[in-house]
Every structure is written in structure tokens, then in C-alpha cells.
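In case you want the letters, here they are:
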Protein chains: 2
Amino acid sequence: MDVVIAQKPHDRLAALLAEDLAAVNALIRARMASEHAPRIPEVTAHLVEAGGKRLRPMLTLAAARLCGYSGDDHVKLAATVEFIHTATLLHDDVVDESQQRRGRPTANLLWDNQSSVLVGDYLFARSFQLMVETGSLRVLDILANAAATIAEGEVLQLTAARNLATTESTYLQIVRGKTAALFSAATEVGGVIASAPEDQVRALHAYGDALGIAFQIADDLLDYQGDSTATGKNVGDDFREGKLTLPVIKAIAAADEGERAFWQRVIGTGKQEPGDLDTAQGLLRRHGALEATRADAFAWADTARAALAALPEAPVRDMLSDLAAYVVDRLN
Amino acid sequence: MDVVIAQKPHDRLAALLAEDLAAVNALIRARMASEHAPRIPEVTAHLVEAGGKRLRPMLTLAAARLCGYSGDDHVKLAATVEFIHTATLLHDDVVDESQQRRGRPTANLLWDNQSSVLVGDYLFARSFQLMVETGSLRVLDILANAAATIAEGEVLQLTAARNLATTESTYLQIVRGKTAALFSAATEVGGVIASAPEDQVRALHAYGDALGIAFQIADDLLDYQGDSTATGKNVGDDFREGKLTLPVIKAIAAADEGERAFWQRVIGTGKQEPGDLDTAQGLLRRHGALEATRADAFAWADTARAALAALPEAPVRDMLSDLAAYVVDRLN
């Protein structure tokens, strides 16, 4: 097998963007410092240097390069996006009372919830300073709207948990908040900073939006059918937390009275017994919910790839296309 | 007694700025809405409509008026400042595990910590959208820096708690973060939006900074010598939480060996016994720490009033001057 083909698309992107990514990492390290409060870089480094894939900043760098950008504000925006992502991870782990993130104990466990909340706030403020430095009001507008959508989606997820009436439309809103809003903002600002034509900026937004949705649907599906050694996710986490993800929403829509009572008990009230996850997986299979969810994920990946048609032909465009394919290839 | 004189300065300011304040309140109500997540306006309304004094938005409105501003971006900025303040209150109450705020149960108690963290994030994002709408990069720069100083000060306060080595300089840094940064940003952006001359903008910043510091020092002093029925504060709260506030820092600096052991036990390790607050208050009196703290508060109030000299003579300027005096008059 050819070595280049064997590499994952985000590794190929990282290789292509290596110089810019190094600049982003240097900027992140410089801006996570705090003259007065050493707790801030400690907590941030724990998360930022735990080997995240830098997927979101790479999207900004790739979009800017694809649109022919030659300045260095894309590095600031890529760091901005990673800071926003890190801030939301810190707050998410407090909200979900998580114990592990990227295979290591979470910051809320190593330090405390207080540090996670406040360092998250600090990183959000730092991201805000970085984007102001670009001097682009349009970029600020895009990122401010993304920040609001992210927080709204998180609140929506909180209130939708254990609610069997949650619809696919609400699910999509939550997914846009928790994942797609930052993906689409990351790609869009790359085009905006490059002064790309409007149709290209719209295409970059559409690509990031669809990529994020495909990514999250795939993630939610893997929570019911994945192999934890391959994905790093524990199968059944969402089930145990009573999250109304797409496979479950589809199965509930097709449920008979007895099945509804089952879902009400295990998700609605959270009274779970041994064997419930197996039963749930059986119901998902019986109603074709896994296959239907898988089809949705592939459709969103196709939407992402199709959006790229409006953008200039270039190796980086092919990699973005491969990335969209890869996100759902995990499901095969 | 003359009725006008009997009124408190912030009530007179509120009367003078009544029309603008009504616009700010309407804007706050409009922007705290969420199409998708009703939990957001519920939590926000609980706090925003609990009868806060709207001191920070009034500072922005007053500064803009004093500098002759005639547009309506000052209303957006005043709402921005109140949203930032509300977001920090929501997060503070999670961090401090508070039960009460403005005489009512806190949001983290009525709902949960999750809602307080995420709704705080939402309000911060909303504040960011509002300030972007003004189109002023300088305003965005000031508020982004203030947000970073606020979060850094909060982290610093967290790590300085129970640390007897905390200096007056660190205390001042914390106070700038928790209080003065938003006061000074609130007044400064009022001048910037009015295109005031640089010396006036600097004076507005200096006024807000000194006012905020005087306000916080007075608050910290009242925690040791206040009358809870008059101030609404419970005497001894900071003591019980092991906060290193100015009176204690001064008393520790003057402590002999036995006194240091006392402070180490009650603040450093938090092992408090009945009567410890009385003992602490006795030590504060013996070393003149209360008087010295009081003198510092009055000096900062004088600094605030002096800064106003660079600004145009006007009734609103007199009210800002009276406000600075009032903040420390609570100590008499």
C-alpha cells in the first residue's frame, strides 16, 4: 500500500500545513501564559498539550491557504479557534462531571471545578483578544455568533437530556452548537481573512457545517456500535448519561408501547439495569436506526464534499474532501 | 433634609439617565432571549431582574453623556457591560458555591451548576455580539482586555485563598480583576464611543479604576466591621472562606509569632472555632488594620474624584463625583 494513501487525511493536512501549525502552537503557548496566575498555563497546558489533533485550527489554516491568503492573521485565527475549543472542553468536563479526556484525567479532577470554569473563561477572553488583533469586524461577527450558538447548543443539550420528546430537529440544533458551529466558523474566517469571493466564503461555511454534523453523528453512532479499542470511546457512555442522540431518537420514533416504556425507564428516568445497553442496541438494530443514522452521516459528508466544488482546485482542497470522507469511514 | 440631597448618588444618576436605562433594560430583555433554549432566559431573568443597581451600565451611559455623545451605541455598550457582569456572577456563584445573591437563592441552587456555567457562557457570547455591533475596534480591544483581566483576577483569587504570603500588590491585582477592570472598561468605552479627546478617555479609565478599587476595599472592610442589616452583607463571610483581603493582609504583616500561628490556623488551614472571628477582629483593631484599610479606601475614592477634573463640568460629572464619595461613606 502506498504510504501517502495510508496516511490519515488530517495527518496529510498537518504535514502540508506544518510551518503554519508550528506558528499556531507557538502563539498558543505565548498567549496561554499569565503574568500573575500560574494556575492558568498549568491547566491549559494539561489540555492543549495532551495531543489533540488541532483539527479546528487546521481547518482555518487550510481554508486561508485554499483562498490564496499570504498574510499571518490566519495563524491568530487558528489559535483563536483552538482557544475557544479548549475553553468549551474545560466547561464541558465540569458540566458532564467527566473523569477522562484524551486518555488523561480531566482538569476538574486534577485541580477542581473552580479552576476549570475560570481558566475556561480566561481562554475565551484570550481568544477574543486574538481575534480583535486581526482588525476584521466581519471575523469578529462570525466568531461572536459561533460562540453564542455553541453556548445555546450546550444549554439545549442539558435541557434535552432524558427528554424522550426530543426531535431530530432539536438534535441537529444541539449538534450545530456542540460541534458544527466552531467547524463552520473556523473554515469561514479562513476565507474571510483571505478576502475570498462571497460564493467561496459561503462554500467554506457550508463545508465546515456539514463536516461538523457528519463528525458528530458518526461519534454518536460509534457510542452504540463502536469498538472502544479502535475509537478510544467507551461504548454506551451516551446511553448511560441519558443523552438523546440520533440513533435513539430514530428508535423511539419507531417504538411500540412496550419499547417506549423501556426507553422511558432507561433514558427518561435513568433507572438502568445490567443488560439494558444490549436491549437498547437490539432495538436500534431492529428498527434500522443504526443504518439510518449511518446514512445521515454519509449524506452530511457528501454535502461537505459537494460544497468544495465552489473552491479552487488544489491539493489542500483534495485533502479537505478526503477529511470529510474519513470522518464517516470510521463507521465502516 | 432636602429630598434631592437625601437621595443616594446612584439613584440620582438613575433618574438623570432614566430614558437610556429603560432602553438598556429593553435591550437586555431582548438579547437574553433564546429561540431554542428557554432555560437561558429563565436563569438570566432570575439574576438580571433581581434588582441589581445597574451600576456598571450607568457608568457607561454617564461617561457617554458627559462626553457629549448623541448616538445610541452607548445603550449597546451598557447592555454589554451588564451581560459581562451577570456572566461573571453566575460563574462566581458556582466557584464560591454560594447559596444567596441579592437576597435570593442563587441560580446554581435553583437550577444547577451546569446551567450557571453554560448560561454564563451564553451571556458572555451575547455581550460579545453586542459590542461587535458598535463596529468600534477600540471598544472591542478595551472590553477584550477587561475580560482577560477579570478571569485572570478570579483565578488569582482562587489560588491566593488561604495563602498567608499574599501581598497587598497581589490583592490589588485581584481587586482590579474582580471589580475595577469592568468599572474602568465601562467608563472608558463611554468616552471612546463619544470620540472624546484622549485625556478625557484616560481620565474616565482612571475614574472607573479607582472607583472600582475603592468600592471593593470598602466591601472587604465591611466584611469585618459592617452591620449586616445595613449592608446586606454577612459579617465574617470572607473570614470563613479564608479570603486574604486587605484588612487581614495588613494585620498579618504586623503579626507577632503567636498571631501568625492564629492566622495560619484560621485562614491558612481553615480550622476555625467559635470566637475566632472576634479574635480576628480584635487583632485587626490592635494593629490599626481597619483604620489603615479605611484610609486606603478613602484615598482611592479621592483618586477617582480627582480624575474627573479632566472632564467637562456638568451635573452628571458631579453625580459621578458624589458616587465616589458615597462608595466609601458607607464606612462612616
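Right above here is the structure, for reference.
Residues numbered from 1 in each chain as written. Chains lettered and ligands numbered in written order. Predicted model: local features only at pLDDT ≥ 70, side-chain atom pairs only at ≥ 80, totals over all residues. Heavy atoms only, no water.

> Before we go on, may I ask you to explain the overall build of chain A in this structure?
The helix and strand inventory of chain A stands at 18 helices and two strands. Scaling as 2.2 N^0.38, a compact globule of 332 residues should have a C-alpha radius of gyration of about 20 Å, and chain A matches this with 20 Å. For the C-alpha atoms alone, the extent of chain A along its principal axes is close to 60 × 50 × 40 Å. Residues counted as buried form 58% of the 332 residues belonging to chain A. Of the charged side chains in chain A, 32 are positive and 45 negative; the average position of the first set lies 1 Å away from that of the second. (Helix = DSSP H or I, 4+ residues; strand = E, 2+ residues; numbered from the N terminus. Rg over C-alpha atoms; globule rule 2.2 N^0.38 Å. Buried < 20%, exposed > 50% of the residue type's maximum accessible area, 1.4 Å probe, protein only. Lys, Arg positive; Asp, Glu negative; His and termini not counted. Charge placed at Lys NZ, Arg CZ, Asp CG, Glu CD.)

> Which parts of the structure should I look at to understand the interface of chain A and chain B?
One frequently used descriptor of interface size is the decrease in accessible area upon assembly of the parts. On the side of chain B, 40 residues touch chain A, which itself brings 40 residues to the contact. Across the chain A to chain B interface the summed buried area is about 3700 Å²; carbon plus sulfur atoms make up 77%. Among the residues of chain A in contact with chain B, Leu118, Phe128 and Glu152 of chain A are the three that bury the most area, contributing 17% of the side total. For the interface between chain A and chain B, the tally reads zero salt bridges. For the pair chain A and chain B, the interface holds 10 residue pairs in polar contact (both at pLDDT 80 or more). With 15 residues, helix H9 (residues 137-160) of chain A is the single largest residue contributor to the side of chain A that touches chain B. Looking at the side of chain A that touches chain B residue by residue, the class counts come to 22 nonpolar, 10 polar and eight charged. (Contact = heavy atoms within 4.5 Å. Buried area = accessible area lost by both parts, 1.4 Å probe. Salt bridge = Lys/Arg side-chain N within 4 Å of Asp/Glu carboxyl O. Polar contact = N/O pair within 3.5 Å; in protein donor to acceptor, adjacent residues only side chain to side chain. Nonpolar A, V, L, I, M, F, W, Y, C, P; charged D, E, K, R; others polar.)

> Looking at this structure, I do not really get the relation of the copies chain A and chain B. What am I missing?
Each of the two chain copies can be brought onto the other by rotation about an axis and movement along it. The operation relating chain A to chain B is a screw motion whose rotation component is 180 degrees, with 0.0 Å of axial translation and a residual RMSD of 0.0 Å. Those values place the two copies in the arrangement expected of a two-fold rotation axis. (Least-squares fit on C-alpha atoms with pLDDT ≥ 70 in both.)

> Sorry if this is basic, but what is going on with the packing of aromatic side chains here?
Given two aromatic rings, their pairing is described by the distance between the two centres and the angle made by the two planes. Enumeration over the complete set of coordinates arrives at eight aromatic pairs over all chains. Ring centres of Tyr224 of chain A and Phe239 of chain A lie 6.3 Å apart, and the angle between their planes is 80 degrees; on these two criteria the pair is classed as edge-to-face. Of this pair, Tyr224 of chain A sits in helix H11 (residues 198-225) while Phe239 of chain A sits in helix H13 (residues 237-240), placing them 15 residues apart in sequence. This pair shows no difference in class: Tyr224 of chain A is buried, exactly as Phe239 of chain A is. With a centroid separation of 5.3 Å and 70 degrees between ring planes, the pair formed by Phe262 of chain B and Trp263 of chain B is classed as edge-to-face. As far as the burial class goes, Phe262 of chain B and Trp263 of chain B line up, both buried. Taking NZ or CZ as reference, Arg330 of chain B lies 5.2 Å from the ring centre of Phe215 of chain B, over its face. (Phe/Tyr/Trp six-rings, centres within 6.5 Å; stacked < 30°, edge-to-face > 60°. Lys NZ or Arg CZ within 6 Å of the ring centre and 35° of its normal.)

> What's the story with helix H4 (residues 39-48) of chain B in this structure? I'm lost.
Of all 10 residues making up H4 of chain B, eight are buried, and the element is well covered by its neighbours. By the burial criterion, the buried members of H4 of chain B are Arg39, Ile40, Val43, Thr44, Ala45, His46, Leu47 and Val48 of chain B.

> How do you make sense of the environment of Cys67 of chain B when you look at a structure like this?
Residue and element names in this part refer to chain B. Summarising the element assignment, Cys67 is placed in the loop between helix H5 (55-66) and helix H6 (73-95). Judged by its relative accessible area of 15%, Cys67 falls in the buried class. Sequence separation between Cys67 and Ser195 is 128 residues; the distance between their C-alpha atoms is 7.9 Å. Every residue in contact with Cys67, bar those within four places of it in the chain, is listed here: Gly191, Ala194, Ala196, Gln200, Leu204 and Leu311.

> Where do I start with the pattern of salt bridges in this structure?
Pairing is possible between side chains of opposite charge, provided their charged atoms come close. Residues and elements named next belong to chain A. Taken as a whole, this structure holds 30 salt bridges over all chains when the rule is applied. Two residues, Glu259 and Arg286, come together in a salt bridge whose shortest N-O distance is 2.9 Å. Here Arg286 lies in helix H16 (residues 276-286) and Glu259 lies in helix H15 (residues 257-269), a separation of 27 residues in the sequence. Put simply, Arg31, Asp73, Lys76 and Glu133 are held in one network by salt bridges that share partners.

> Help me understand empty space enclosed by the protein in this model?
Across all of its chains, the model carries three cavities of 30 Å³ or more by this definition. As a volume, the largest cavity reaches approximately 190 Å³. Contributing to the lining of the largest cavity are 16 residues, with Asp121 of chain A together with Thr88, His91, Phe124 and Ile150 of chain B lying nearest its centre. Among the residues making up the lining of the largest cavity, the classes are represented as nine nonpolar, three polar and four charged. Put simply, the second largest cavity is a space of about 160 Å³. Taken together, 13 residues make up the lining of the second largest cavity; nearest its centre are Thr88, His91, Phe124 and Ile150 of chain A together with Asp121 of chain B. Where the lining of the second largest cavity is concerned, the elements lending two or more residues are helix H6 (73-95), helix H8 (113-133) and H9 of chain A together with helix H8 (113-133) of chain B. With five residues, H6 of chain A is the single largest residue contributor to the lining of the second largest cavity. Partitioning the lining of the second largest cavity into residue classes produces seven nonpolar, three polar and three charged. (1 Å grid on protein atoms, 1.4 Å probe; cavity = no way out; pocket = protein on both sides within 12 Å on 5 of 7 lines; lining within 4 Å. Points joined across faces, edges and corners; volume = space filled by probe spheres on them.)

> Please explain the nonpolar core as it appears in this structure.
Within soluble globular proteins, side chains that are nonpolar generally end up buried alongside one another. With 240 residues, the main nonpolar core has Tyr207 and Trp263 of chain A together with Tyr207 and Trp263 of chain B as its most contacted residues. With near-sequence residues (within four places) excluded, Tyr207 of chain B lies in contact with Leu59, Thr187, Ala304, Ala307, Leu308, Leu320, Leu323 and Ala324 of chain B. (Core = buried A, V, L, I, M, F, W, Y, C linked by side-chain atoms within 4.5 Å.)

> Hey, could you run me through the packing of helix H14 (residues 246-253) of chain A against helix H17 (residues 289-307) of chain A in this one?
Any two packed helices are characterised by how steeply their axes cross, that is the angle between the axes, and by the distance between the axes. Residue and element names in this part refer to chain A. Running from amino to carboxyl end, H14 crosses H17 at an angle of 130 degrees, the nearest separation of the two axes being 9 Å. One element, H14, and the other, H17, form an angle in the oblique class. Viewed along their axes, H14 and H17 form a crossing whose handedness is right-handed. Each of Leu246, Pro247, Lys250 and Ala251 in H14 lies in contact with H17, whose residues at this interface are Ala289, Leu290, Ala292, Thr293 and Asp296. (Axes fitted to C-alpha atoms, helices over the stretch in contact; angles between N-to-C directions. Parallel < 35°, antiparallel > 145°, perpendicular 65-115°, else oblique. Left-handed = near helix turned anticlockwise from the far one by under 90°.)

> Teacher, can you tell me more about the environment of Asn145 of chain A here?
With respect to the secondary-structure elements, Asn145 of chain A resides in helix H9. Using a relative accessible area of 32% as the deciding quantity, one classes Asn145 of chain A as partly exposed. Measuring from C-alpha to C-alpha, the distance between Asn145 of chain A and Ala185 of chain A comes to 8.8 Å, with 40 residues separating the pair along the chain. In this structure the side chain of Asn145 of chain A is engaged in a polar contact, spanning 2.6 Å, whose partner is the side chain of Gln129 of chain B.

> How should the environment of His10 of chain A be read in this particular structure?
All names here are of chain A. On the secondary structure map, His10 appears in helix H2 (residues 9-16). Taking relative accessible area as the criterion, His10 reaches 11% and is therefore assigned buried. Residues His10 and Lys53, spaced 43 residues apart in sequence, show a C-alpha to C-alpha distance of 7.9 Å. What His10 contacts, discounting residues up to four positions off in sequence, is Lys53, Met58, Leu323 and Tyr326.

> Honestly, unusual backbone geometry in this entry has me stumped. Any pointers?
Note: most peptide bonds trans; most residues except glycine with negative phi. Positive phi outside glycine occurs at Arg54 of chain A, with the angle close to 55 degrees. Positionally, Arg54 of chain A belongs in the loop between helix H4 (39-48) and helix H5 (55-66). Phi angles above zero are rare outside glycine, and Ser195 of chain B is one such case at about 55 degrees. By the secondary structure assignment, Ser195 of chain B is in the loop between helix H10 (168-193) and helix H11 (198-225).

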